[in-house]
Structure formats: structure tokens, C-alpha cells
Amino acid sequence: MASLVIDNVTKAFGRVQVLKGIDIAVDAGEFLVLVGPSGCGKSTLLNLIAGLESITTGEIRMGDRVVNNIPPKDRDIAMVFQSYALYPNMNVRRNLSFGLETRKVPRAEIENRIQRVAEILQIENLLERKPSQLSGGQRQRVAMGRAIAREPLIFLFDEPLSNLDAKLRVEMRTEIKKLHQRLGTTIVYVTHDQIEAMTLADRIAIMKDGIVQQFDTPDGVYANPANLFVAGFIGSPAMNFIPVSLSRENGHLVAPLVTADGRRFTVPVPADTGALAPEREIIMGIRPENITDFQEGMQSWAHIAALECGVNVVEPTGPDTLVYTEVNQTQIVCRLCPDAAPKAGDTIRLAFDTTKPLFFEPGTGNRIEG
Amino acid sequence: MPDAIRRSRSETAGRILIYGTLVLFAVYFLVPLFVMVITSVKNMDEIRTGTLIALPQQPTLEPWLKAWGYATIGVTNEGIRGFFWNSIRMVIPAVLFSTLIGAVNGYVLSKWRFRGSDTFFAMLLLGCFIPFQVVLLPMARTLGFLGLSESIWGLVLVHTVYGLAFTTLFFRNYYVAVPSELVNAARIDGAGFFRIFWKIMLPVSTPIFMVTIIWQTTQIWNDFLFGVCFSTGETQPVTVALNNLVNTSSSVKEYNVDMAAAIIAALPTLFVYFVAGKYFVRGLTAGAVKG
Ligand SMILES: Nc1ncnc2c1ncn2[C@@H]1O[C@H](COP(=O)(O)OP(=O)(O)OP(=O)(O)O)[C@@H](O)[C@H]1O
Ligand SMILES: [Mg+2]
């Protein structure tokens, strides 16, 4: 177990700047998830932590050791690769023991560890098989087993679940979380799946174009996204973004919303600041679960605005039903209780939680805090 | 129904055309071999009186024994036996060295890229296109300088160096298809350059080793030009000796001995092909399938 500090790290391949000043710090035992769209530099950052690529500028520290110039084998890390990278010519037992033999761990100790790891991951009956004789899920387990057997200071995972089918992916996700609770080792986990990120992480670093957009807890990135990108990336279905033109009514700053059939209502905006002023065109973000079915008694709730609008599309998902409608010429999605679900073409009354909207600069996408 | 019949008829015609062509080519290649074999077991009288493709009336192994053991070649009367062993003593080390070095080169150029490694590879590739003749004089000077002129080890060196371009190309292209994550996993597992090569790369390299070994063995065994330029007398390889045998037959041309010697000289490459040929095809296609 070791803490990990990534201090203003950049990485360039030739003239291409792939990482542009990454700052991340996690405590020993934390589960850090690097998440972001394809090509944003997640794997590159992981390879820098592993020592497989060299750092262009900046510093990486593990515990109190600067590891910039320490080769991968001496960093005391273990890595699980997307393709699993099991040695094809060795059986599972040899795959698990290879790294230990290279490190001259005594034979008896190696046997012990293999036994223990095989038990944890339930791969005891696979030990004599070659990787080619394993299913995808079994390979994934063996790859994790190889990392666990090493008992490293830090685990590095590069999209370990992306080659599994949906059901197995969810199962393994839980297992990885259990494993982390059991071993308590620091983990850096790369994924482009925001649900994996949310469910696993103690802290999430959301990356785009080689820059960390936000580094926070899962609740933090969900409730307090730093910009439009983070707000849209985390959450499924994604946050609604509605262009609004602020105005002042009865002395209060409000964001007017107009439905497709011309009904108008307003959402109060917290405060007058430079950015939040009348006539300003800004983007209002509101999550689907904050526009929901209007229930008896809600009239008296101060923070709920009633919103009558036509239903375009209805998508039942089981626990919730997603309803698509339109305000300010923008399609938005609302999350309703299935019992209250309307049909396409109906007009429905929705409850809009006016304490929830977030506001963003249209140009930069930065959050405007009231 | 009639439609189906017509189609199957045209299919049959296609088949006949294909197989006919194949048989034609097979005959084209096999007839000379057939003539060589039957000629090599006829005695001289039969050769003079019979036709080229007439079967031997009294088959005899005498020409084979003479070609192998006591035919006159240059100034010796000991057949091609000694030269045959020369070739073996040249081919085995030359194939081993060029293949092993090529494997390491390919490993470096695919998995341990360095600044300028692509340029290096491009230059090495150029080596595949340099005609033998171009390197003859510089090579002669080099061998003289190293004190290896006219020796079998000189030939080994020449063939190793000349073969490297090809063997490196083979291995590099094969190893490019081996996932780099394997190498990275082994690096994190603490394995170094050579341990990864031995434990991870070599075990998956059998097909490409077969291809390279067959290719190199055939090339080096069949080489004439380097042999004739860089060796004399008793260090000559079998190809050169065969040429001398055919040219030094004094009064009468002993076609049966010439043929027997030619077949003997060709046997090792045939042998290698029959033993390892299936790996050759497999190895050539392995990379393509993996993509
Ligand atoms: N060796 C390299 N040479 C040049 N460019 C590279 C190299 N490795 C990665 N890149 C570039 O760096 C960028 C980030 O790549 P990286 O593999 O880190 O992305 P990623 O976030 O892991 O994406 P994915 O989710 O698709 O795995 C990409 O634009 C890629 O083309
Ligand atoms: Mg990646």
C-alpha cells in the first residue's frame, strides 16, 4: 500500500502533446479511477505510472519515493491489461508464478501465494490449463490473479472488464470492489465507462484531451461538475442542457423556459453576479431525475415548478420510465415513476426541482457558480 | 433441374481446366527429375544407345558410388563426398547464426524501438535488394583482412551477414503481430531483455523459425557465386564441386555420374522441405491470419 502523487506530469510523443500537466494525488489504499473518452490519454498516464513510458516533465511519487527514473520492475506495481496479456506458452500456474520467480521469491512461498490467490478468485481447477483453454471471464480472473500474487504496493488496471459481456462485467465489477476492500491496496483503474467509474472509485479523475477536467469523489463529480464536459459525461441518461436567456422578473433573476406548445414558466437563478445577469445567454443543466412526475401536494412545495408539456417519446427501462419532451427548442429527458408514465402525444404535468439546475458558460463550458 | 445440371457441367469443365493446368506444371517440373533419376542408374552403354526417357534395362548404383566416392573433381579423385560435408559444415553454422541474430534483431526492432529504429530497419531492408555481385570485391577484402579467405568460416561469415537482412525482416514482421502488452506484462513482472526473449518470445516463434531455417538453408546450400569466389580446392561447397565435376570429366562425358552427383547435391534441400515444409506454409500464413 502506498500513496500516489502525480505532480504536473506531461507526456509528448515527438511533437504530439498527449498529457498536458496532470495533477492527481491519492492516499494509500484509495481506489482511483481515470475515466474519459477514447484517446484522452488514460492508458498513457497509466503507462507512466507503471514506468513503461518515460515522463516528459513533472514528477510521480509513490509513498515518499520519486519513481521517475525507476524501471517498472522496481516500482513494486502490478498491472492488469485490457487484453489480459497472459503468457500463451505457460499454463495458469506458471503465469502466476513467473513474476515471483523472476523476483526470486522462495519456492514454498510461491506455492502458498498461488494457492491463496487461486482460492480468492476460484481458479483452483484451472491451474494446469493454458490460457487458450480458458473463457474470457476465466482469463480475466487469471490476469487479476497474476497481479494479486505479486502483492504489490499499487495495482494498475487498464480497462480490465472491457472485453467481457455485459452481465459478467457487472459481476466482476463487484468482485473487484470486494477485492479492494479485502486487500486494501491502492488501485489505479482506467475505464471509459462512467458507471464503472462511479461504482468503484473513491476518487475519480475525469480526463479529456490530456487534461484532468475534474478530480473529485464520485458524489462530487455527480453533484458538482466543474464544467459542461464533466456534467455531460457522468450520469446516464446524460444531464439535459437547455440554452436560456436570463431576465429579471419581479425583482428576481430568472431563467425562462418555453415548451413546444408555447407554455412559459421560470426557474429562479440564485444570485446576480457578473456572469449571471439579465440578457445573458447561458446553458442550464438539469439531470433527468430532477424533472419528474408531479404528485399530489407538490403545489405547496416552494422549490417545485410545475411544467405542462407534450410527450414526444416514452422509454420504459423497468425501474424508471424516461420521457422525452421539448423546452426552449431543445429535447430534454425526464425520469418518471413507471406508474405515472404517459403515452407519446399526451400532455403531462412535470415537477421541475428549481434548486437543482446548474449554469454553464456557453463558450468555455465552465460552470458559473451563483 | 436442367439449370443445375448445366451449372455442374460448367463447374466440371472448370475443374478439368484447373487440374489439367496443375498436372501440366507438375509434369513440367517432374520430367527433368525423372530423367535425372533414370539416367543416374543407367550404365554408359545404355545412355549412348537408348533414348532420354527410356527406362534402364540393367539398373546400376555404380554411378552413385562413383559420384559420391571416387569421381575426379579438379585435382582429387574422391568424388563429391568431401565437398558435400563442406557444405554441411558451412550451412549449419551459417543458418544458425543468421537465424538467431535475425530473431534478436526482429525482437529489438519490433518490441524495443529506439530513436531511429525505423530508419535502421529501412536500411537493413535495402540489404535484401543488393545483388550478390555488388558485395563480392569488398567482401573479398574484408575476408582477407580477417584472415578468413578461402576458408569455410569465411563462407559462414559471408552467408550470415548476407542473410541477416532477410532473417531480420522475417522475424520483425512476425514479432510485430505479437501483442506488446505481453512484453509490458513481463517487464512489470521483472523480466529483462533476454529473459523476455527466451521465456515469452521464443516459445511462440516456432513457425517463423521454420520458415527462416528453410529459407536460409535453401539459399545457402544452393549458393554458387559466393562459393566459387571465396573458396578454393578442398574448402569448396558442393555446388562448386558439382560444376567442376561436370567440367573436368576427361575423355567421355559420364552423364550418369553427373546426374547422380546433381541429385546428391539437391537431396538436403529436398529433405528439409519434406520434413519442415508444412511449417513453412503455416508460418508464412500465420501472421496474415492474426492481422
Ligand atoms: N506511442 C505513441 N506514439 C504516438 N502517439 C501515441 C502513442 N501512444 C499513444 N499515443 C496517442 O496518445 C493519445 C492518448 O492515447 P491513450 O492510449 O493514452 O488513450 P486512451 O485514453 O487510453 O484511449 P482508449 O480509451 O482508446 O484506450 C492518442 O491520441 C494516441 O494516438
Ligand atoms: Mg487505453
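Residues numbered from 1 in each chain as written. Chains lettered and ligands numbered in written order. Predicted model: local features only at pLDDT ≥ 70, side-chain atom pairs only at ≥ 80, totals over all residues. Heavy atoms only, no water.

(A) Seen up close, the packing of aromatic side chains. Here the structure, examined in full by the defined rule, presents 28 aromatic pairs over all chains. Centre to centre, the rings of Phe31(A) and Tyr189(A) are 5.7 Å apart; their planes meet at 45°, and the pair counts as tilted. Highlighted residues: Phe31(A) in strand E3 (residues 31-35) and Tyr189(A) in strand E8 (residues 186-191), separated in sequence by 158 residues. Judged by relative accessible area, Phe31(A) falls into the buried class, the value being 1%. Plain terms: the ring middles of Phe84(B) and Trp85(B) are 5.7 Å apart, the flat faces sit at 85° to each other, and that makes the pair edge-to-face. For Trp85(B), a relative accessible area of 44% corresponds to the partly exposed category. Among the aromatic residues, those joined into a ring-pair cluster are Tyr107(B), Trp112(B), Phe193(B), Phe194(B), Phe197(B) and Trp198(B). Above the face of the Tyr222(A) ring, Arg287(A) is positioned so that its terminal group lies 3.8 Å from the ring centre. We note Arg349(A) situated over the ring of Phe294(A); from NZ or CZ to the ring centre the distance is 4.5 Å. (Phe/Tyr/Trp six-rings, centres within 6.5 Å; stacked < 30°, edge-to-face > 60°. Helix = DSSP H or I, 4+ residues; strand = E, 2+ residues; numbered from the N terminus. Buried < 20%, exposed > 50% of the residue type's maximum accessible area, 1.4 Å probe, protein only. Lys NZ or Arg CZ within 6 Å of the ring centre and 35° of its normal.)

(B) Main features of the interface of chain B and chain A. Every contact between the two is made by 15 residues of chain B and, on the other side, 26 residues of chain A. Together chain B and chain A conceal approximately 1700 Å² of surface at their shared face, both sides included; 61% is due to carbon and sulfur atoms. When the buried area of chain B at its contact with chain A is split by residue, Glu181(B), Ile188(B) and Asp189(B) rank highest and sum to 41% of it. Linking chain B with chain A are one salt bridge, by the criterion used here. Two residues, Arg150(A) and Asp189(B), come together in a salt bridge whose shortest N-O distance is 3.5 Å. (Contact = heavy atoms within 4.5 Å. Buried area = accessible area lost by both parts, 1.4 Å probe. Salt bridge = Lys/Arg side-chain N within 4 Å of Asp/Glu carboxyl O.)

(C) Up close: the site of ligand 1. Residues and elements named next belong to chain A. In the vicinity of ligand 1, the contacting residues are Phe13, Val18, Ser38, Gly39, Cys40, Gly41, Lys42, Ser43, Thr44 and Glu159. One nitrogen or oxygen atom from the main chain of Gly41 is found 3.0 Å from an oxygen atom belonging to ligand 1. The separation between an oxygen atom of ligand 1 and a polar side-chain atom of Glu159 is 3.2 Å. For ligand 1, the protein covers 57% of the area, taking 630 Å² as the surface of the free molecule. Among the elements that make up the shell around ligand 1, the one with the highest residue count is helix H1 (residues 42-50) (three residues). Here the shell around ligand 1 is built from residues that sort into three nonpolar, five polar and two charged. (Near = heavy atom within 4 Å. Polar contact = N/O pair within 3.5 Å; in protein donor to acceptor, adjacent residues only side chain to side chain. Areas by Shrake-Rupley, 256 points an atom, 1.4 Å probe, with all protein chains shown as cover. Nonpolar A, V, L, I, M, F, W, Y, C, P; charged D, E, K, R; others polar.)

(D) Structural view of the domain arrangement of chain A. Residues and elements named next belong to chain A. The assigned domain composition of chain A is domain 1 (4-233) and domain 2 (242-363). Here domain 1 and domain 2 have C-alpha centroids that lie 40 Å from each other. Contacts between the two partners involve seven residues from domain 1 and, on the opposite side, six residues from domain 2. Around 540 Å² of area is buried between domain 1 and domain 2 when both sides are counted, 59% of it from carbon and sulfur atoms. (Domains from an automatic or database assignment.)

(E) Up close: the environment of Asn173(B). All names here are of chain B. Inspection of the secondary structure assignment puts Asn173 in helix H7 (residues 152-176). On the basis of relative accessible area, Asn173 is assigned to the partly exposed category, the value being 41%. Separated by 44 residues in the primary sequence, Asn173 and Phe129 place their C-alpha atoms 17 Å from one another.

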